[in-house]
Amino acid sequence: MARLPFDDEHAPLYSVGQVAAMLDVEQAFLRRLDDFDVVRPARSSGGQRRYSRHEIGDVQNAIALVGEGMTLVAVRRIFELQQQVDELRAELARERARRSGEDAPG
């Protein structure tokens, strides 16, 4: 069965207006997240922002952090550090898998 765009959490399907309505935030807030490189949605051929479900989750996380008093610069840095942690965890998992393969009797 073919995958449809809405099956892909990274497919850019939602407009600024749709995301603003979903999350009950101002469109200007979403534009500021983009301007501050916190959440950078894809652009349509006409230049309009298009958000994926994954990016909407990032916006939700940003809203929570701003609600706790973080600036957008701080939120961007938190997201960058989280990305680094995720990459290191994946690297560690690969290394552990490689080592366990070496330890297996052959």
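All of these numbers come straight from a predicted model, not from anything done at the bench.

## Here's the deal with the side chain of glutamate 55
Reasoning step 1: Considering the arrangement of structural elements, one finds glutamate 55 in helix α3 (residues 53-67).
Reasoning step 2: Buried and unpaired, glutamate 55 has no salt bridge, with arginine 40 as the nearest side chain of opposite charge at 8.6 Å.
Reasoning step 3: Excluding its chain neighbours within four sequence positions, the residues that come into contact with glutamate 55 are Val39, Arg40, Pro41, Ala42 and Arg50.

## Describing the sheet that holds strand β2 (residues 42-43)
Reasoning step 1: Spatial ordering of the open sheet is given by β1-β3-β2, a layout of 3 strands whose pairing is antiparallel. The two strands at the open ends of the sheet, each matched to only one other strand, are β1 (14-15) and β2.
Reasoning step 2: Pairing between β2 and strand β3 (residues 49-51): 2 bridges, direction antiparallel. When the sheet's bridge partners are listed, alanine 42 is paired in β3 with arginine 50.

## Observations concerning helix α4 (residues 72-103)
Reasoning step 1: Taking 1.5 Å of rise per residue, 32 residues should cover 46 Å, and α4 covers 46 Å from first to last C-alpha, within 8% of that figure.
Reasoning step 2: Within the sequence span of α4, burial applies to Leu72, Val75 and Phe79.
Reasoning step 3: Looking at the buried side of α4, the elements it contacts are α2 (27-35) and α3.

## Remarks on the packing of helix α1 (residues 16-23) against α2
Reasoning step 1: The geometry of α1 relative to α2 is characterised by a closest axis approach of 9 Å and an angle of 110° between their N-to-C directions. As judged from the angle between their axes, α1 and α2 are roughly perpendicular. Viewed along their axes, α1 and α2 form a crossing whose handedness is right-handed. Residues Val16, Gly17, Val19 and Ala20 of α1 form the contact with α2, whose participating residues are Gln27, Leu30 and Arg31.

## What to know about the UniProt feature "domain: HTH merR-type" (unreviewed entry) in the protein
Reasoning step 1: Those places that UniProt annotates as "domain: HTH merR-type" (unreviewed entry) correspond, in this numbering, to residues 13-81.
Reasoning step 2: This span, residues 13-81, is 61% helix and 10% strand, and a straight line between its end C-alpha atoms measures 27 Å.

## Section: the pattern of salt bridges
Reasoning step 1: Applying the stated criterion across every chain yields a total of 9 salt bridges.
Reasoning step 2: In this structure, the salt-bridge partner of arginine 40 is aspartate 37, at a minimum N-O distance of 2.6 Å.
Reasoning step 3: For glutamate 80, the salt bridge identified is with arginine 77, shortest N-O distance 3.2 Å. Of this pair, glutamate 80 and arginine 77 are both found in helix α4, 3 residues apart, which corresponds to roughly one turn of the helix.
Reasoning step 4: Residue glutamate 80 is classed as partly exposed on the basis of its relative accessible area of 36%.
Reasoning step 5: A single network of salt bridges, built from pairs that share partners, joins Asp34, Asp37, Arg40, Arg43 and Arg49.

Parameters at a glance
- Residues numbered from 1 in each chain as written.
- Predicted model: local features only at pLDDT ≥ 70, side-chain atom pairs only at ≥ 80, totals over all residues.
- Heavy atoms only, no water.
- Helix = DSSP H or I, 4+ residues; strand = E, 2+ residues; numbered from the N terminus.
- Buried < 20%, exposed > 50% of the residue type's maximum accessible area, 1.4 Å probe, protein only.
- Lys, Arg positive; Asp, Glu negative; His and termini not counted.
- Salt bridge = Lys/Arg side-chain N within 4 Å of Asp/Glu carboxyl O.
- Contact = heavy atoms within 4.5 Å.
- Pairing = 2+ DSSP bridges.
- Expected span 1.5 Å × (residues − 1).
- Axes fitted to C-alpha atoms, helices over the stretch in contact; angles between N-to-C directions.
- Parallel < 35°, antiparallel > 145°, perpendicular 65-115°, else oblique.
- Left-handed = near helix turned anticlockwise from the far one by under 90°.
- UniProt positions renumbered as here; feature names shortened; annotations may be inferred.

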